[in-house]
Each structure stands twice: as C-alpha cells, then as structure tokens.
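Here's the letter readout for the chains.
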Amino acid sequence: AMEFPVKGRERAAVLEDLQMMRAHDARWGEGRVPLFVFKGSDEAGAIAQDAFNLFFSENALGKNRAFPSLKRMEDEIIAMALDLFNAPDGATGFVSTGGSESIIMAVQTARNYARDQRGDQAHRGNIVMPVSGHPAFDKAARLMDLAVRRIETGADFKADIAAMADALDQDTIMMVGSAPCFPFGVFDDIQGLGTLARERGVWLHVDACVGGYLAPFAKDAGVDIPPFDLSVAGVASMSADLHKFGWAPKPISTVFYTRPEYAACHGFDFDGWPNGRFKTSTIVGTRAGGAIAGAWALFQHLGREGYSRIARDLLNGIGRYRSGIEAIDGLSVVGEPLLSIVAVQSHDDAVDIFTVAEKMQEKGWVPGLVQRPRALHRMMSMLHVPAIDAYLTDLDDAVKVVRAEGGASAFKATY
C-alpha cells in the first residue's frame, strides 16, 4: 500500500509521473473514446481553457458574497440560454455541475411542487418515463424514495405516448421525454408528451442534456429538428449540458423552468445552524468557477454563427460515418438518430456485434455498447471526425474476422 510521503518531491518529477500514468489512458485525442470527452474546435478549446484558468481558484459557492463576476456570468449564461431555447415570459434557470445534478434538481423541484399543490409534505410519487431515459432519474428517485415506471418504447425507439398515458395515475409527479435519448440518439415526441402533460396535469421534463446545446445549431445547419425546447406547450422543465456540446470545461450544466412558481420550488434554504442562513441553488456546495467562465467565454466568442459552423462540420462528418456504416455488409444504424449519437447493430446472424466490439478494443478503440438491442454506441464530437476513415476500416476488418470465426461475446454494456 502507498504511504503518505514524508518529504515532498521536485515539481518536474511529480509531473513526469503524471505523464507516465496518463500514457496508459485511452487515446481520446485520436477519437478512440466513444464518450466522456468533447471537442468543438481548436479555438473553442483554447478559449475555454484560458477562461477556466483565469478563474481557476474562484468558487461559485461564494458568488453572492465574494465573486460577483461569477454571479454575473451565471445570470448571463442563463439569459442567453433562455433566448436560445425560446423560453416563455417568466421562465428562469440555474447553473449546475452536470447533467445528473440538473436532473436530480428538476426531480426534486417537481416533487416539492407536487407536495405544495397537494398540501402534503410527505407525499412520495412516481416518475413515468421511457425505458430509454437516462439512469439519473432513477438516481434521483432513490435519493428521494420515489417510484420509477419505465415504459417500453415503440418500434422506432421513441417514447410510446399511449403506453405512458396508461401508466400515469394520481401519484405521478413527473413524465420524462428525451431530446435525444442517450442509447439511440432519437428524439421523443416532445409535443405529443406536452399535450398529454396538459391533458393530465402532469409535470413534463425534457432531458436535453445531450442535445440542448447542439440541436438549435443543427437546425441552423439544415437538420429537421422537431420542437423540443421551452416553447413547447406543456413543458415544465428542461436540462441541458454545457460541458457536452456547449464545448465548455467540465463540470457545468443547466436546468430550466417555464414558470416562476416551478422555479420557486428549486434550491435549498436552511436557517438552523450557528452561522445563519445557508441557501444554494445546487446540491453540491463548492463549484468550479473556471467552468462558468469557460461557458460564458464560449457563448461570447463563438456566438450563434460559430456554434452553427461547428454543428455543420460535425454533422457532415457524422453523415459520412453513417454512410460508411451502411456500406459495411451486415451492419446498420439503429433507429433514426438526428444528432451526435449513433448506435450500430448487426442484422447478420453470423456477426455478433459485441464480438466485433472486442476486436475493435484489440485495435485500440474503446467500445461503447448498448445492451438492448445489442449495438456499438458512439457519441461523436469533432474528436471523432478526423478518425472516421481509420475507424471504419478497422470496423470493416473486425466484421469480416467475426463473420469468418463466429462466436458470441459475453460483453456487458456498462458506463
């Protein structure tokens, strides 16, 4: 076991050790990792890192007392995002530390609102969502002792609205739709879910953690994006991650509410300790000021034109990737993904896609997997576009080897 060092070491030696440890990590800069790391452009990455370093030490927990710059940046990020997402009058939002926290906060807010409406501060309700929805909702439900009802999707991998309607009852506090869902990259019918939400008086949350800061710019680039944002009637809340396709430094996300009475149920306020009142809009306390500065700098530096230019380049690359997939005998894209997530399945009984994944791993690619249906999964950014030809060549070779050798893999999709 490693013991705590008695004497310190030279800076150069410590940094050399870090570089050596890093040498064993996957080569994400070559597009070999299917998620976790995102790139928009070299210039976007450079300004984001510079802005982060300018605010390396500042703590967003102190934005109201010590760091008015961070408060201003958060307020302006939210204002710009509300404009981007076509928010109605009275809508507001909050900055969080990631998609999971945005989702947990939205679930807590919906629960608090339901309790206030019912006059029952002990009520524990249920969440109705497609099986394709993110596990962060289950994480939230476990923290708050709520029930989750996951409903099978339709054949198109979109939310089955009729089946979700059947699952609603008097204790339902939230429905969920994804824009897009993580497993398949397809958009649920948010307008249809919004109509159901209004008819049944149920809170609708749109999980746009993946698509929020890409879809508007993909639309500018000519992609037919269905209505999904805060302008859709019936939407109560929405989450969107800045550290994904907003290209911001980790960790930073956003969560929005379409009405002030919803937002009033967000946050934490406690006045029962010796120091006095403690009030936050997040679950975590300390937050990285650098991530906030990076997101603000990117909005200002890129603007809508810059974001749309990156989206166009990315989607052109993904189109080339999808064409290459369809050209490989035995493979096809799952569903109709609109943005960056592409799942690839085998429709050839002789080719087990998870065995293909093992072969790709042997070639230095970290495989992303979907368990149902068995598929290779990639959430692509501009890290992946330069590597498309190399990936497709290795994938074609892997498929041919598996077809010749046969066999099935015991791989499990874990994240």
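Residues numbered from 1 in each chain as written. Predicted model: local features only at pLDDT ≥ 70, side-chain atom pairs only at ≥ 80, totals over all residues. Heavy atoms only, no water.

Engineer: Lay out the environment of Gln-361 in plain terms, naming residues and giving numbers.
Structural biologist: Topologically, Gln-361 is positioned in helix α11 (residues 353-362). In this structure Gln-361 comes out as partly exposed when scored by relative accessible area, which is 44%. A C-alpha to C-alpha distance of 36 Å links Gln-361 and Pro-226, two positions 135 residues apart in sequence. (Helix = DSSP H or I, 4+ residues; strand = E, 2+ residues; numbered from the N terminus. Buried < 20%, exposed > 50% of the residue type's maximum accessible area, 1.4 Å probe, protein only.)

Engineer: Describe the sheet that holds strand β13 (residues 375-379), and please don't skip the residues or the numbers.
Structural biologist: Reading across the sheet, the 4 strands line up as β10-β11-β13-β12 and stay open at both edges, with antiparallel pairing between neighbours. Each edge of the open sheet carries a strand with a single partner, namely β10 (331-333) and β12 (369-370). Pairing geometry for strand β11 (residues 341-346) and β13, over 4 bridges, is antiparallel. Within β13, the position partnered with Val-342 by the bridge is Arg-378. Strands β10, β11 and β13 of the sheet are contacted by helix α10 (residues 289-326), whose axis makes an angle of about 145 degrees with β10. With respect to the sheet, α11 is in contact with β10, β11, β12 and β13, its orientation differing from that of β13 by roughly 55 degrees. (Pairing = 2+ DSSP bridges. Contact = heavy atoms within 4.5 Å. Axes fitted to C-alpha atoms, helices over the stretch in contact; angles between N-to-C directions.)

Engineer: Can you tell me about the pattern of salt bridges, naming the residues and giving the values?
Structural biologist: Pairs can form between side chains of opposite charge whenever their charged atoms are close. The final tally for this structure, using the stated rule, is 25 salt bridges. Residue Asp-17 pairs with Arg-9 through a salt bridge whose shortest N-O separation is 2.9 Å. What makes Asp-17 partly exposed here is its relative accessible area of 29%. Two residues, Lys-39 and Asp-42, come together in a salt bridge whose shortest N-O distance is 2.8 Å. Its relative accessible area of 27% is what places Lys-39 among the partly exposed residues. (Salt bridge = Lys/Arg side-chain N within 4 Å of Asp/Glu carboxyl O.)

Engineer: With reference to specific residues and values, describe the packing of aromatic side chains.
Structural biologist: Evaluated as defined, the whole model comprises 20 aromatic pairs. Where Phe-217 meets Tyr-307, the ring centres are 4.9 Å apart and the plane angle is 15 degrees; that geometry is what we call stacked. Taken as a pair, Phe-217 in helix α8 (residues 215-220) and Tyr-307 in helix α10 lie far apart in primary sequence, 90 residues in all. Of the residues examined, Phe-217 reaches a relative accessible area of 5% and is grouped as buried. Through successive ring pairs, a cluster of aromatic residues spans Phe-85, Tyr-213, Phe-217, Phe-256, Phe-299 and Tyr-307. Sitting over the face of the ring of Phe-354, Arg-374 holds its NZ or CZ atom 4.2 Å from the ring centroid. (Phe/Tyr/Trp six-rings, centres within 6.5 Å; stacked < 30°, edge-to-face > 60°. Lys NZ or Arg CZ within 6 Å of the ring centre and 35° of its normal.)

Engineer: Can you explain the packing of helix α2 (residues 42-54) against α10? Please cite residues and give values.
Structural biologist: The interhelical angle for the contact between α2 and α10, taken along N-to-C directions, is 155 degrees, at an axis separation of 7 Å. Considering the angle they form, α2 stands roughly antiparallel to α10. As for how α2 packs across α10, the hand of that crossing is right-handed. On α10, the residues touching Glu-43, Ala-44, Ile-47, Ala-48, Ala-51 and Phe-52 of α2 are Gly-290, Ala-291, Ala-293, Gly-294, Ala-297, Leu-298, His-301, Leu-302 and Arg-309. (Parallel < 35°, antiparallel > 145°, perpendicular 65-115°, else oblique. Left-handed = near helix turned anticlockwise from the far one by under 90°.)

Engineer: Please provide a residue-by-residue account of a nonpolar patch on the surface, values included.
Structural biologist: Judged by side-chain polarity, Leu-61, Phe-268, Phe-270, Trp-273 and Phe-278 come together as a nonpolar surface patch covering roughly 460 Å² of accessible area. For Phe-270, the position within the fold is in strand β8 (residues 268-270). (Patch = residues over 30% accessible without salt bridge, like charges linked within 9 Å, V, L, I, M, F, W, Y side chains within 5 Å. Areas by Shrake-Rupley, 256 points an atom, 1.4 Å probe, with all protein chains shown as cover.)

Engineer: Before we move on, can you summarise the sheet that holds strand β4 (residues 172-178) with the specific residues and values?
Structural biologist: One open sheet holds the 7 strands; their spatial order is β1-β7-β6-β5-β4-β2-β3, and the pairing between them is mixed. Two strands in the sheet have a free side with no partner beyond their single neighbour: β1 (92-96) and β3 (147-151). Neighbour to neighbour, the strand axes of the sheet diverge by 20 degrees on average, direction disregarded. With 5 bridges joining them, strand β2 (residues 126-130) and β3 adopt parallel strand pairing. Within β3, the position partnered with Asn-126 by the bridge is Ala-147. Strand contacts of helix α5 (residues 136-144): β2, β3, β4 and β5 (204-207), with the helix running at about 155 degrees to β3, the strand carrying the most contacts. Taken strand by strand, helix α7 (residues 190-200) contacts β4, β5 and β6 (235-241), and its axis lies near 165 degrees from that of β4.

Engineer: Could you give an account of the side chain of Arg-111, with specific residues and numbers?
Structural biologist: Tracing the chain through its elements places Arg-111 in helix α4 (residues 99-118). Despite its burial, Arg-111 pairs with no opposite charge; the closest candidate is Asp-116, at 9.1 Å N-O. Sequence-distant contacts of Arg-111, that is, excluding residues within four places in its chain, are made with His-123, Met-144, Leu-146 and Ile-173. (Lys, Arg positive; Asp, Glu negative; His and termini not counted.)

By themselves, these are just geometric observations and shouldn't be taken as functional.
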